[in-house]
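The lines below spell out each chain.
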Amino acid sequence: MKLIFQKDILMNGINIVSKAIPSKTTMNILECILIDATSNEIKLTGNDMEMGIETKIEGSILERGSIALEAKIFSDIIRKLSDSDADVVISSDDRLNTTIECDNSLFKIQGRDPQEFSYLPFIEKDEYICLSQFSLKEAIRQTIFSIAPNDSNKMMGGELVEIKDNVLKLVSLDGHRISIRNILLKYNYENRKVIIPGKTLSEISKILTGDNEKEVLIYFSKNHVLFEFDNTTVVSRLIEGDYFKIDHMLSNDYKTHIKINKRTFMDNIDRAMIMIRDNDRKPIILKIEENNVNMKIRSSFGSMNADVLAQKTGDDIIIAFNPKFLLDALRVIDDEDVDIYMLNPKSPCFLKDDGGNYIYLILPVNFIAED
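Quantities reported herein were computed from a predicted structural model and do not represent experimental measurements.

*Asks:* In this structure, what is going on with the overall build of the protein? I would like to understand it.
*Replies:* If you tally the helices and strands in the protein, you get six helices and 23 strands. Expressed as a percentage of its 371 residues, the buried residues of the protein come to 51%. Within the protein, contacts between residues separated by at least 24 positions form 68% of all contacts whose residues are at least 6 apart in sequence. Carbon and sulfur atoms make up 45% of the accessible area of the protein, which totals about 19,200 Å². Of the charged side chains in the protein, 46 are positive and 59 negative; the average position of the first set lies 4 Å away from that of the second.

*Asks:* What's the story with the pairing of strand β14 (residues 224–229) in this structure? I'm lost.
*Replies:* Working note: regular strand, side chains alternate between the two faces of the sheet. Burial of β14 is extensive: five of the six residues sit out of reach of the surface. Pairing analysis gives four bridges linking strand β13 (residues 215–220) to β14, with the strands arranged antiparallel. Residue pairing across strands places I218 opposite F227, the latter belonging to β14. The turn joining β14 and strand β15 (residues 232–237), which pair antiparallel and follow one another in sequence, is formed by two residues; a positive phi near 50° is taken by D230.

*Asks:* Help me out: how do you make sense of the packing of helix α5 (residues 262–272) against helix α6 (residues 323–331) in this one?
*Replies:* The relative placement of two packed helices comes down to the angle between their axes together with the axis-to-axis distance. Viewed as axis vectors pointing N to C, α5 and α6 meet at an angle of 145°, and their least axial separation amounts to 10 Å. Of the two possible hands of crossing, α5 and α6 adopt the one that is left-handed. Together, K262, F265, M266, I269 and D270 of α5 and P323, L326, L327, L330 and R331 of α6 make up the contact between the two elements. Of the residues assigned to the contact of α5 with α6, the class counts are seven nonpolar, no polar and three charged.

*Asks:* What should I look at first to understand the sheet that holds strand β4 (residues 51–57) in this one?
*Replies:* Strand-to-strand pairing in sheets goes through backbone hydrogen bonds, with the strands running parallel or antiparallel. Judged by pairing direction, the sheet is antiparallel, and its eight strands sit side by side in the order β6-β2-β3-β4-β15-β14-β13-β10 without closing on themselves. Two strands lie at the open edges of the sheet, namely β6 (65–70) and β10 (128–132), each paired on one side alone. Between one strand axis and the next, the sheet turns through 15° on average, direction left out of account. Where helix α4 (residues 198–207) meets the sheet, its contacts fall on β4, β14 and β15, and the angle it forms with β14 comes to roughly 5°.

*Asks:* Sorry, what's going on with empty space enclosed by the protein here?
*Replies:* To find leftover empty space, one rolls a probe the size of a water molecule over the atoms. Applying the stated criterion across every chain, the model contains two cavities of 30 Å³ or more. By volume, the largest cavity is sized at about 50 Å³. Lining the largest cavity are I129, L136, V161, L168, L170, I196, L201, I218 and F227. Among the elements that take part in the lining of the largest cavity, strand β11 (residues 158–173) stands out by supplying three residues, more than any other. Broken down by class, the residue content of the lining of the largest cavity amounts to nine nonpolar, no polar and no charged. Here the second largest cavity is characterised by a volume of approximately 30 Å³. Looking at the second largest cavity, the residues that line it are F145, R177, I178, S179, F325, A329, Y360, L361 and I362. Split by residue class, the lining of the second largest cavity holds seven nonpolar, one polar and one charged.

*Asks:* Can you walk me through the nonpolar core in this structure?
*Replies:* One broad trend across soluble globular proteins is that nonpolar side chains are buried collectively. Judged by nonpolar contacts, the single largest core of 58 residues is most densely connected at L10, I35, F74, I78, I90, L168 and F227. Residues within four places of I90 in sequence aside, it is in contact with M1, K2, L3, F5, L10, I35, F74, T98, T99 and I100. I260, F265, L327 and I362 belong to the second-largest nonpolar core, a separate cluster that totals 37 residues.

*Asks:* Explanation requested: the layout of surface pockets in the structure shown.
*Replies:* By volume, the largest pocket amounts to about 690 Å³. H176, R281, N322, K324 and F325 are, among the 25 residues lining the largest pocket, the residues nearest its centre. Considering only residue class, the lining of the largest pocket consists of 13 nonpolar, five polar and seven charged.

*Asks:* How should unusual backbone geometry be read in this particular structure?
*Replies:* Excluding glycine, residues mostly carry a negative phi; peptide bonds, for their part, are mostly trans. At L96, a residue that is not glycine, the phi angle is positive and equals roughly 70°. For L96, the location among the structural elements is in the loop between β7 (87–92) and β8 (97–102). Phi is positive for D230, close to 50°, though the residue is something other than glycine. Judged by relative accessible area, which is 42%, D230 ranks as partly exposed.

*Asks:* Just to check I follow, could you spell out the packing of helix α3 (residues 133–141) against α4 for this structure?
*Replies:* Contact pair α3 / α4: the axes reach a minimum separation of 9 Å and the direction vectors enclose 135°. The pairing of α3 with α4 is recorded here as oblique in orientation. Judged by the sense of rotation from one axis to the other, the crossing of α3 with α4 is left-handed. Each of L136, K137 and I140 in α3 lies in contact with α4, whose residues at this interface are L201, I204, S205 and K206. Split by residue class, the contact of α3 with α4 holds four nonpolar, one polar and two charged.

Cut-offs and rules
- Residues numbered from 1 in each chain as written.
- Predicted model: local features only at pLDDT ≥ 70, side-chain atom pairs only at ≥ 80, totals over all residues.
- Heavy atoms only, no water.
- Helix = DSSP H or I, 4+ residues; strand = E, 2+ residues; numbered from the N terminus.
- Buried < 20%, exposed > 50% of the residue type's maximum accessible area, 1.4 Å probe, protein only.
- Contact = heavy atoms within 4.5 Å.
- Areas by Shrake-Rupley, 256 points an atom, 1.4 Å probe, with all protein chains shown as cover.
- Lys, Arg positive; Asp, Glu negative; His and termini not counted.
- Charge placed at Lys NZ, Arg CZ, Asp CG, Glu CD.
- Pairing = 2+ DSSP bridges.
- Axes fitted to C-alpha atoms, helices over the stretch in contact; angles between N-to-C directions.
- Left-handed = near helix turned anticlockwise from the far one by under 90°.
- Nonpolar A, V, L, I, M, F, W, Y, C, P; charged D, E, K, R; others polar.
- 1 Å grid on protein atoms, 1.4 Å probe; cavity = no way out; pocket = protein on both sides within 12 Å on 5 of 7 lines; lining within 4 Å.
- Points joined across faces, edges and corners; volume = space filled by probe spheres on them.
- Core = buried A, V, L, I, M, F, W, Y, C linked by side-chain atoms within 4.5 Å.
- Parallel < 35°, antiparallel > 145°, perpendicular 65-115°, else oblique.

Honestly, that's just the spatial picture; any functional story needs more than this.
So this is what it looks like as structure tokens:
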């Protein structure tokens, strides 16, 4: 095998497929990137057996062939090479000895047998949905933060992706909050529900350009989902099982509604969090009356007190939240003003828009009332 690449094109391809290289594994072949030039195109592949990524890159094929190279050393070598537009020549022989040449640099490394590498599972491309890269990237950004950070519950480690007619819904939760994002699709599709691992969605969002003119095709099989965009294919296992029944958690009942400037509200929560350290779980207490939201936080380091104007309808209320949860939701809402609905100090509050594009449910926390 002998191939020639432009350095920055090769590096970009390596960066894409490296997202499917496991950090720890007992199977050495999974630590490798497969370079496949057995046909008229060059493909790079990474596969950790849960998620696989394949991307096609430009290059010249002088001699066809394939080789699996240890991802870390391969990536480090290419990254350290000189100019971004320099030519990189990669060649390997029958004994898997591999050379990487660029300008005056010559590296020799040992490759692995490409036959040991696990190719991506085959998925029939008959059932799919189509949406813009921008829409998918934004929907992931606006929900991924409320996935549970550990593996204690596999369902909480994934997102529900539900297709109903021409609406794509993404749902995530971690036991303290729920994030829901609805996307209007151009066409009607067959109804379906799948649970996609959060890691898969997180890595896909890093690869997507976010271009509103470029599309993503999403294909489904019984156990896998396939994302196809640009020259890249991502295949992931689905999480098996039934997702949480969230409909009964979503209520339209409220006694207090406020409309508040998002930026002002966020800035004051951000300032309040100066008083909190990592292990400190002090809540931010909101006292809502008239057209004012009094925000108070007190910790062993000090206290902060601020007033923010808001349009209020309904009852006065005193309620407390984990300030990080409020801030996480506010950061991904693009509206200038945000609507917040509350029933009582023990019931969830809802941040949602009139058009039903997003809903964020946040559970309040117990607090001791202070003067």
